[in-house]
Amino acid sequence: MLHLRAIVPADRTEAVCKELAGCAGATNVVVIEGAARAPRGDLVTADIARESANEVLDALRGLDVDRDGSIALDKVDLTLSDRAEVAKDLAPGHGDDAVVWEELDRQVSEGTALTWSFVAFLVLATQLAAIAALIDSPVLVVGAMVLGPEFAAIAAICYGLVRLQPGRIVHAIRALVIGFAVAIAVTYVCALAARWTGVIELDRLPDERPLTAFIYSPDRWSFIVALLAGAAGVLSLTAGKSSALVGVFISVTTVPAAGNLAVAMALKHGSEINGSLLQLGVNVAGMIIAGTLTLLLQRAVWAVVLRHRGRRNAMRGT
């Protein structure tokens, strides 16, 4: 369940209550008249089944509550209410299958922001990946995968393609390009400095790296894994399954490829430079393709669910 908290102009409170009463997935509606001071209005709260969230948000926005008042939705971890259980049963579909588009919009918006924390995490992850390339450590590769923040920007590209928002796509690509460029440049400089000071005693990366060779050797499985990871990542975001998202992070070698690229450039290992670039491109492309198709499929499936509910309600009305 989700908890709705809305500040509603007094002249629209009855209309909001009417919309909530007409929504099968809404219950426990509470109105406190004149409770809000900034902005002024009535406080309206309710428990909303996740699968009915889009319906409620569209109704409130249609009444300009978002412009003249305020709308907030919070996840409820525990609800002990028979009415809430009935509301979930009456709402169309299942909560885990519902995409709350406004929630996803907020999540992916953070992925398009080129913040210091985004760049810092990407630099640190790329540094770990570079060390993994030098000592052939799969443990450090996994650590670099988990630390990398790039999937949020990739999800933003998928969302922008589905919602036809070129501005969002451009901002996400900008975050990825600049973030990876800075991370690779910093790691490259650090690798050069380590080589000059004797920390790195190699003239080039080892030809035999049985544990981490997959970083710079893309094949058909690399693309298949990227497709699966992209679909799983988008599903984990829309369903709020953070544990599944961690699994996505340790499935694809975007950051490890960037770290290997930086070290290969510093040690002038041409074949691994090309392989790392190809691995990075294959993984990003695969995740974007699968993530976009997953969102399109979710939207299509949910449209069928809503049409089925409409037909069912029509039959009950007759």
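Residues Leu-104, Phe-180, Val-255 and Leu-295 are the most contacted members of the largest nonpolar core, which totals 46 residues. Broken down by secondary-structure element, the contributors of at least two residues to this core are helix 5 (101-111), helix 6 (116-135), helix 7 (138-147), helix 8 (151-162), helix 9 (166-196), helix 10 (220-239), helix 12 (254-266) and helix 13 (270-317). Leave out the neighbours within four places in its chain, and Leu-295 touches Trp-101, Leu-104, Cys-158, Tyr-159, Val-162, Val-234 and Thr-238. Core analysis: the next-biggest nonpolar cluster, separate from the first, contains 13 residues, Leu-4, Cys-23, Ile-48 and Val-56 among them.

The next point concerns the side chain of Asn-283. Relative to the elements of secondary structure, Asn-283 occurs in helix 13. In this structure Asn-283 comes out as buried when scored by relative accessible area, which is 2%. Setting aside residues up to four positions removed in sequence, Asn-283 forms contacts with Ser-222, Ala-226, Val-252, Thr-253 and Thr-254.

Moving on to the confidence of the model for the protein chain. For any part of a model where pLDDT is low, the fine detail of the predicted coordinates should not be relied upon. Summing up the model confidence of the protein chain, the mean pLDDT is 83 and the portion of residues at 70 or higher is 87%. Confidence over residues 314-318 falls short of pLDDT 50; this stretch has zero contacts with residues more than four positions distant or in other chains.

Attention now moves to unusual backbone geometry. Following Ala-38, the chain continues to Pro-39 via a peptide bond in cis, the omega torsion being 0°. You will see that Asp-136, though not glycine, has its phi angle at about 55°, which is positive. Within the element layout of this structure, Asp-136 appears in the loop between helix 6 and helix 7. By relative accessible area, Asp-136 is classed as buried at 17%.

Another aspect to go through is the pattern of salt bridges. Summed over all chains, the structure comprises eleven salt bridges. A cluster of three or more residues bridged by salt bridges with shared partners is formed by Arg-61, Asp-66, Glu-102, Asp-105, Arg-106 and Arg-168.

What follows concerns helix 1 (residues 13-21). For an α-helix, 3.6 residues make a turn, and residues three or four places apart therefore share a direction. Within helix 1 the residues assigned to the buried category are Thr-13, Val-16, Cys-17 and Leu-20. Down the axis of helix 1, the smallest arc covering the buried residues is 100°, so these residues share one side. Of the exposed residues in helix 1, the ones pointing more than 90 degrees away from its buried face are Glu-14 and Lys-18. Packed against the buried residues of helix 1 are strand 1 (2-8), strand 2 (26-37), strand 3 (40-48), helix 2 (53-62) and helix 3 (65-68).

As a further point, take the sheet that holds strand 2. With antiparallel pairing, the four strands of this open sheet are ordered in space as 2-3-1-4. Single-partner strands in this sheet number two, and they are strand 2 and strand 4 (70-75). Direction aside, neighbouring strands of the sheet carry axes that sit 15° apart on average. Sheet topology note: the strand 1/strand 4 ladder contains six bridges and is antiparallel. If you follow Leu-2 over to strand 4, its bridge partner there is Lys-75.

Here we take up the pairing of strand 1. Taking burial as the measure, the seven residues of strand 1 include five buried ones, the bulk of the element. Relative to strand 3, strand 1 runs antiparallel, the two sharing seven bridges. Residue pairing across strands places Val-8 opposite Asp-42, the latter belonging to strand 3.

A regular strand places its side chains so that they alternate between the two faces of the sheet. Where strand 2 meets strand 3, seven bridges bridge the pair, whose relative direction is antiparallel. Bridge pairing in strand 3 links Ala-36 to Gly-41. Between the antiparallel neighbours strand 2 and strand 3 lie two residues.

Rules behind the numbers
- Residues numbered from 1 in each chain as written.
- Predicted model: local features only at pLDDT ≥ 70, side-chain atom pairs only at ≥ 80, totals over all residues.
- Heavy atoms only, no water.
- Core = buried A, V, L, I, M, F, W, Y, C linked by side-chain atoms within 4.5 Å.
- Buried < 20%, exposed > 50% of the residue type's maximum accessible area, 1.4 Å probe, protein only.
- Helix = DSSP H or I, 4+ residues; strand = E, 2+ residues; numbered from the N terminus.
- Contact = heavy atoms within 4.5 Å.
- pLDDT = per-residue confidence, 0-100.
- Salt bridge = Lys/Arg side-chain N within 4 Å of Asp/Glu carboxyl O.
- Arc of directions from axis to C-beta.
- Pairing = 2+ DSSP bridges.
- Axes fitted to C-alpha atoms, helices over the stretch in contact; angles between N-to-C directions.

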